Amino acid sequence: IPDDEDIQREDNIRCLTMLGHFGFECLPHQLVNRSIQQGFSFNVLCVGETGIGKSTLIDTLFNTNLKDKKSSHFYSNIELKIQTYELQESNVQLKLTVVKTVGYGDQINKEASFQPIADYIDAQFEAYLQEELKIKRSFVDYHDSRIHVCLYFISPTGHSLKSLDLLTMKNIDSKVNIIPLIAKADAISKNDLQKFKCKIMSELVTHGIQIYQFPTDDETTTQVNSSMNGQLPFAVVGSMDEVKVGKRMVRGRQYPWGVLQVENESHCDFVKLRDMLLCTNMEDLKEQTHTQHYERYRCCKLHKIGFTDVGPDNQPVSFQEIYEAKRQEFYDQCQREEEELKQKFMQQVKDKEMTLKEAEKELQDKFEHLKRVQQEERIKIEEEKRQLEEEIINFYKMKAGSETLQTQGSTNIKKD
Ligand code: GDP
């Protein structure tokens, strides 16, 4: 292809270099400008035991001091600490949300440790789904709190993953992009580190745990991403301390035997993590969150409510049809419930009537019995009264007889 100068020389045509862009080739610039104006948001979930270096790594990654006080080891339950920060680098604004586990791994029974984490991730999906289902949606000012990446901090034991790690990752791997990290990697020797990395990866495969894979379908990043996929889990070291190395001040950790430079790739994988997370794959992490994890949640939730894309005959069903069917189903259910309630009520009334009748009969019988007893008593008393009266009459008769006899006796004495 002849260059501009050749053409000018051959045809004696004056060529001008373009000073700006025109036409639809400006589209990407419009997008960039709009994105810069709106700002970016990124939500990170840090899962790891207390004191494993979560806060320090986040500070080192975003070059800030997010001033987080140290957590205690005496929480009876796992909690999640959510902090949102507005960060700025040149003219790019980033709304960063960091969610950290508090008390993770400190309980005796660790069986349900993953539950609050899984519930939190689902709750963010639910909030987004509710916004989506609103008639009047306002995504412009909606703060999307869905977790874009989970940094899983593995203890630098050099041995293997703990059952807590396997259980938690297994339970959240379909909800979030997991990037496993070997924390405090300065505690492990170079030889042991390589073996530890291999062991972790083979354990993840054995237990069928899906971790995030840096995408390899974009030509510009295929090489670097596939190379990085082979270096997972990243062995990281965090520090906000500035240490003097030669004439330079570097971020690192000073030990009696030397300095570990956080940003030195031969000392640890911190730079690899930062590049992969912030420079190369942040957009992909967000996209995967929306197209894979959220989509799975949404699909599952709508199925649970009863929505489906195809009917029992495998034919597509429209939203309207499902809505009508659901409405009819709801109406029928209401009718059924109303009928059931009516029957129940009638039965209750019948039962009550029966009990009342029985009580009434019982009372009547009691009354009759009492009446009979009273009548018998009256007859008995009347008989006694009659006998008494008879006795009184007899008594008076006898009295009168004896008086007569007495008077006759005294008359006879006088005569004598
Ligand atoms: P968190 O509870 O997981 O947030 O842990 P912190 O970030 O508060 O760190 C706990 C302690 O570990 C602090 O004293 C840190 O200085 C130290 N620490 C953090 N990162 C590293 C690291 O990479 N290597 C070593 N050796 N110590 C670290």
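Residues numbered from 1 in each chain as written. Predicted model: local features only at pLDDT ≥ 70, side-chain atom pairs only at ≥ 80, totals over all residues. Heavy atoms only, no water.

Asks: Can you tell me about the pairing of strand β8 (residues 248-255), naming the residues and giving the values?
Replies: One ladder, built from 4 bridges, connects strand β7 (residues 242-245) with β8; its direction is antiparallel. Directly across from K244, in β8, lies its bridge partner M249. In this structure, the hairpin formed by β7 and β8 is closed by a connection of 2 residues, where G246 is found at a positive phi of approximately 65°. Pairing of β8 with strand β9 (residues 258-261), which is carried by 4 bridges, proceeds in the antiparallel orientation. Each bridged residue has a counterpart across the sheet, and for Y255 the counterpart in β9 is G258. Where β8 folds back on β9, the antiparallel hairpin that results is connected by 2 residues. (Pairing = 2+ DSSP bridges. Helix = DSSP H or I, 4+ residues; strand = E, 2+ residues; numbered from the N terminus.)

Asks: Which residues make up the sheet that holds β8, and what values go with them?
Replies: Taken together, 3 strands build an open sheet; the order of strands is β7-β8-β9 and the sheet is antiparallel. Where the open sheet ends on each side, the last strands, each with one partner, are β7 and β9. Strand-to-strand twist of the sheet, defined as the mean angle between neighbouring strand axes without regard to direction, takes the value 70°. (Axes fitted to C-alpha atoms, helices over the stretch in contact; angles between N-to-C directions.)

Asks: Please give an account of the UniProt feature "coiled-coil region" (unreviewed entry) in the chain that cites residues and values.
Replies: Per the UniProt entry, the sites bearing "coiled-coil region" (unreviewed entry) are residues 320-398 in this numbering. Taken end to end, residues 320-398 is 100% helix and 0% strand, and its first and last C-alpha atoms sit 115 Å apart. (UniProt positions renumbered as here; feature names shortened; annotations may be inferred.)

Asks: Got a sec to walk through the packing of aromatic side chains? Specific residues and values, please.
Replies: For the coordinates displayed, the defined rule picks out 9 aromatic pairs. Taking 5.6 Å as the distance between ring centres and 40° as the angle between the ring planes, the aromatic pair formed by F125 and Y297 counts as tilted. Placement of the pair is F125 in helix α4 (residues 115-133) and Y297 in helix α9 (residues 282-305), with a sequence separation of 172 residues. Classification of Y297 by relative accessible area gives buried; the value is 16%. An angle of 80° between the planes, with centres 5.0 Å apart, marks the rings of Y128 and Y294 as edge-to-face. Taken as a pair, Y128 in helix α4 and Y294 in helix α9 lie far apart in primary sequence, 166 residues in all. This pair shows no difference in class: Y128 is buried, exactly as Y294 is. One Lys or Arg, R146, reaches over the ring of Y128 and ends 3.5 Å from the middle of that ring. Here the guanidinium or amino end of R146 rests over the ring plane of Y294, the centre of that ring lying 4.9 Å away. (Phe/Tyr/Trp six-rings, centres within 6.5 Å; stacked < 30°, edge-to-face > 60°. Buried < 20%, exposed > 50% of the residue type's maximum accessible area, 1.4 Å probe, protein only. Lys NZ or Arg CZ within 6 Å of the ring centre and 35° of its normal.)

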